[in-house]
Amino acid sequence: MALAAVLSALSLSAAATSARANSAPEAASAQSPLAETRAAATTQATGKVVGVATAITPPASEGANSDPTRPGAPAIYDASGHECGDDASPVTYQIGVQAGFTLAPNASGEPTAGYLYQLNGNAPVSLASTGSSTPITITPTSGAEILTVTAVSAGGDIGDTTNCVLAASPAAVADYGDLTGDGIPDLTAVGAQAGLPSGLWLAHGRADGQLSTDITDIGVQGTGANLAGTPSDWDGTQAIIGHFHTGAGFNDVLDYNPATGRGTVLYGSGDGSPLLPDSGYEANVISNAFINSTGDKATSIANGGGLYHVLNGEPVTGYPDLILVVGGQLWDEPGIPAPGAFVGVDNALPLTGTNPTGSGDWGDWSITSSLIDGLPALFARNTSTGALYYYTPQQLQDLAYGNTVTPLRVASSGYNSRDLPVLQAADLNGDGTPDLRTVSSNGESTTRIFDAATGSLTANTPQSLVSPATPVCLRGIAPKPLHCGNECRAHIAAPRCSASPLQPESLPAPAGGDFRAAVGRATAR
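These remarks concern the structure in this document.

What counts, and where the lines are drawn
- Residues numbered from 1 in each chain as written.
- Predicted model: local features only at pLDDT ≥ 70, side-chain atom pairs only at ≥ 80, totals over all residues.
- Heavy atoms only, no water.
- Helix = DSSP H or I, 4+ residues; strand = E, 2+ residues; numbered from the N terminus.
- Buried < 20%, exposed > 50% of the residue type's maximum accessible area, 1.4 Å probe, protein only.
- Contact = heavy atoms within 4.5 Å.
- Pairing = 2+ DSSP bridges.
- Axes fitted to C-alpha atoms, helices over the stretch in contact; angles between N-to-C directions.
- Core = buried A, V, L, I, M, F, W, Y, C linked by side-chain atoms within 4.5 Å.
- Polar contact = N/O pair within 3.5 Å; in protein donor to acceptor, adjacent residues only side chain to side chain.
- Salt bridge = Lys/Arg side-chain N within 4 Å of Asp/Glu carboxyl O.

All right, on to the overall build of the protein then. Summing up its helical and strand segments, the protein has five helices and 32 strands in all. For the protein, the proportion of its 525 residues judged to be buried stands at 54%. Of all intrachain contacts in the protein linking residues separated by at least 6 positions in sequence, the fraction that spans at least 24 positions is 57%.

With that settled, the discussion passes to the sheet that holds strand β6 (residues 134–138). The strand order across the open sheet built from three strands is β2-β3-β6, with neighbouring strands paired in antiparallel fashion. What marks the edges here is a single partner per strand, and that holds for β2 (75–77) and β6. Averaged over all pairs of adjacent strands, the angle between their axes in this sheet comes to 30°, without regard to strand direction. When strand β3 (residues 99–104) meets β6, the two strands line up antiparallel, connected through five bridges. By the bridge assignment, G100 is partnered in β6 with T137.

The phi dihedral of A192 is positive, around 60°, even though this residue is not glycine. Among the structural elements, A192 can be located in the loop between β9 (187–190) and β10 (200–203). Positive phi outside glycine occurs at D373, with the angle close to 50°. Following the sequence through the fold, D373 ends up in the loop between β20 (365–372) and β21 (375–382).

On to the pairing of strand β18 (residues 329–333). Counting buried positions along β18 gives four out of five residues, so the element sits mostly inside the fold. In this structure, strand β17 (residues 321–326) lies alongside β18, joined through five bridges in antiparallel fashion. Considered in β18, the bridge of V325 is made with L330. What sits between the antiparallel neighbours β17 and β18 is a turn of two residues, in which G327 has the positive phi angle 60°. Sheet analysis places β18 next to strand β19 (residues 349–352), joined by three bridges and oriented antiparallel. In the strand pairing of β19, D332 is matched with L349.

L330, W362, I367, L378, Y391 and L396 are the most contacted members of the largest nonpolar core, which totals 20 residues. When near neighbours in sequence (up to four residues on either side) are disregarded, L396 contacts L307, I323, L351, P376, L378 and Y391. Within the second largest apolar cluster, 19 residues are counted, among which are F244, L254, V285 and I301.

Once that is clear, we can look at the sheet that holds strand β11 (residues 216–217). Spatial ordering of the open sheet is given by β9-β10-β11, a layout of three strands whose pairing is antiparallel. Two strands in the sheet have a free side with no partner beyond their single neighbour: β9 and β11. By the bridge criterion, four bridges tie β9 to β10 in an arrangement that is antiparallel. Within β10, the residue paired with T188 across the bridge is L202.

Once that is clear, we can look at the environment of T180. Summarising the element assignment, T180 is placed in the loop between β8 (158–167) and β9. Residue class for T180 comes out buried when judged on its relative accessible area of 1%. Measuring from C-alpha to C-alpha, the distance between T180 and S273 comes to 8.0 Å, with 93 residues separating the pair along the chain. When residues no more than four places from it in sequence are discounted, the contact partners of T180 are I95, T141, D186, L202, H204, G270, D271 and G272. A distance of 3.3 Å separates a polar atom in the side chain of T180 from a polar atom in the side chain of D182. Side chain to side chain, T180 and D186 meet in a polar contact 3.1 Å long.

Here we come to the pattern of salt bridges. Going through the model one piece at a time under the given rule, you end up with three salt bridges. The partner of D208 in a salt bridge is R206, and the shortest N-O contact between them spans 2.9 Å. Classification of D208 as partly exposed rests on a relative accessible area of 44%. Between R418 and D419 there is a salt bridge, with the nearest N and O atoms lying 3.3 Å from each other. A relative accessible area of 60% means that R418 is categorised as exposed.

What follows covers the pairing of strand β27 (residues 456–459). The pairing of strand β26 (residues 444–451) with β27 spans four bridges and is classified as antiparallel. In the sheet register, D451 faces β27, and the bridge partner there is S456. From the end of β26 to the start of β27, which pair antiparallel, there are four residues, and G455 there has a positive phi angle of about 70°.

A word on helix α4 (residues 393–400). Of all the eight residues making up α4, six are buried; the element is thus mostly covered by neighbouring parts of the structure. Against the buried residues of α4 lie α3 (307–311), β17, β19, β20, β21 and β22 (388–391). Once α4 ends, the next one or two residues include G402, with phi positive near 90°.

Laid out in structure tokens, this is it:
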């Protein structure tokens, strides 16, 4: 099914809300599997407005708001002057790029004095009408978006609403660490630790290095390790980001289970949507990628970028190497240009058997990397003492050549895995140097900006990550249901919303939180 058809169905479902309020029969929902929607979004999302504008009138049961003289549904026009839903519009949209619209009052009903507008389920923004044309600006954060605009009278009466459904395309090649298409590294954290429930939790990165603290479980469907597919599949695993599917395009997630020595690549969609552990959307990593011939399993993994190819003077393929700790040593395992394919630990390039302190092996150490010009820069920490060291890309190359290097000691303590279970590297301020995000045992995330010249980390204000307890709805749109990503933001459930427009109310989560089911089925709940 084409994305336009799916999103159009969402708009039709919104229109059906009004009909149901007037006792019209409820239409059966169409079956549109999430995987089918994902495929359509990947191949057909051009960033155009793809759904007709839908006006929603509050039902008579809403008391004062049922006054027939209240403001009518406003019109929404894009930057070219075309009304929302007009196929003739040349305007396209991209995740992370601002887009302008103008609002026009409806001539019917009470005069419009202002508007309330929101993108998906974000907090409504109130602004006064400037007459026949009132400008607004939004920034798409996902591939499928709903812009909701409600007219307000001078007396504060809530009028009718118009929904504008649009599609935003992701960037052609995602920057390192970016799963949402805005060019900014995001935080991904495996749950059942750091105060987080089971799953793989995504927090949107911001341009200032901080996070949007409302997090989403993009691992709700599991990893593919179990047929049932539940968030607990992620418990005890390690997840790293990179172009593991095609060597370019969207970032993907490689999940590794140290207990079993098995891994899976789950393909990213570029907009922060839930990962799908289904055929066509994932690939198992070859069995010898994490286990050597003597049975030693990798204890920690990181993205190795194009290290092996650069060392050998070969063109990089875009498929990352793996840097691993196996058998108490540090290795670089080259990637093969295919999803989930690596040469195997026994064919990996040994980097060093001596840990960063200069004495002892790597048995008590974990690693995290960021890429600088396609090459890995590595932070290594002692999980018990909390000592933290930094290797530059050049130092990793020197190790591969058999040279002795002295990594930079960033801290002698304070970064142990008990207090800071999540440690993730990325360039968070755009200066070409990797920084760190940590998440504490109670779910507090801290951005730490790294100064390589002084070897110091400067901590920003800590932020508490907020995992959803129950979804909320606003005029029939529940944007962020429990265990649900961006495809579910268009979940329309007006019968379960508060009777008062623009009044949030909790909604029960779908049984099992399984949103692989049809978008149409979700909207008809």
